[in-house]
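# Structural characterization, general
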Amino acid sequence: RKERDEMGTWGPGLYQNDVSDDIKLGFIDKCKRGHTIEEATEIFIKEYSEELKDEDDAPNFWFALADIQWKYGKLLPKVKKNALYHIEQELKKETYNEFNAKETRKRKDVLEKLREKINSPMPPEKKISQYRLYQCEWKIGDTYAYPLDADIWKDNAYYGDYLIMQKIGESICSPGHIVPVVRIKITENKQLPRTIE
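These lines cover the structure that appears in this document, whether it is placed above or below.

Rules and cut-offs
Residues numbered from 1 in each chain as written. Predicted model: local features only at pLDDT ≥ 70, side-chain atom pairs only at ≥ 80, totals over all residues. Heavy atoms only, no water. Phe/Tyr/Trp six-rings, centres within 6.5 Å; stacked < 30°, edge-to-face > 60°. Helix = DSSP H or I, 4+ residues; strand = E, 2+ residues; numbered from the N terminus. Buried < 20%, exposed > 50% of the residue type's maximum accessible area, 1.4 Å probe, protein only. Lys NZ or Arg CZ within 6 Å of the ring centre and 35° of its normal.

### Overview of the packing of aromatic side chains
Any aromatic ring pair is given by two values, namely how distant the centres are and how the planes are angled relative to each other. According to the stated counting rule, one finds five aromatic pairs in the structure shown. Ring centres of Phe-27 and Phe-44 lie 5.8 Å apart, and the angle between their planes is 65°; on these two criteria the pair is classed as edge-to-face. One end of the pair, Phe-27, is in helix H1 (residues 18–32); the other, Phe-44, is in helix H2 (residues 37–47), with 17 residues separating them in the sequence. Per residue, the accessibility class of Phe-27 equals that of Phe-44, and both read buried. Summarising the aromatic geometry, the rings of Phe-44 and Tyr-48 are spaced 5.6 Å apart at their centres and angled 10° between planes, so their arrangement reads as stacked. Judged on exposure class, the residue Phe-44 and its partner Tyr-48 are both buried. An aromatic cluster is defined as three or more aromatic residues linked by ring pairs; in this entry it consists of Phe-27, Phe-44, Tyr-48, Phe-61 and Trp-62. One cation-aromatic arrangement involves Lys-24 over Tyr-15; the distance from NZ or CZ to the ring centre is 4.8 Å. Positioned over the ring face of Tyr-72 is Lys-126, at 5.7 Å from the centre of the ring.

Scope: geometric values only; no functional claims are made or implied.
In structure tokens form, the structure reads like this:
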């Protein structure tokens, strides 16, 4: 998540600000990691406690959460209530510091459509499939030899050599796969080495 002092607004759209954009990217990710929508909501309320005290950020938080939950067929009453409250408050504004007259009209249109949406019947609840995260079973120091003897190597100087791979660490690859960090070398004499240095 972006640091508090980097957050800002760049347009009147629902997700044209850092808070809503972060919610959009992060909320379903939490659910894919095993949290229910209720649990993910409480996690985000805690994580965004500072933003929820801010008069500009708090509405964007609730708008994004309400929109996402409605799309997945499980808009929580607390989220809907907060989103509707902030929609009404924002629709009363005549101007916005960050928007010109044209953008202000667009913003109000966006909020009116969001209000209409979250007051309408939700689609059937969608199951959020969990990530199937990969974790390499190799241990640190495990060493493997891969023979370079396929047809594609026949016209290459490396034909008959071995690619030696040794696991020396691990790295996390988004969204949470644990992959090996390896060092590699190609043998020089077409023979498997007796020791790896």
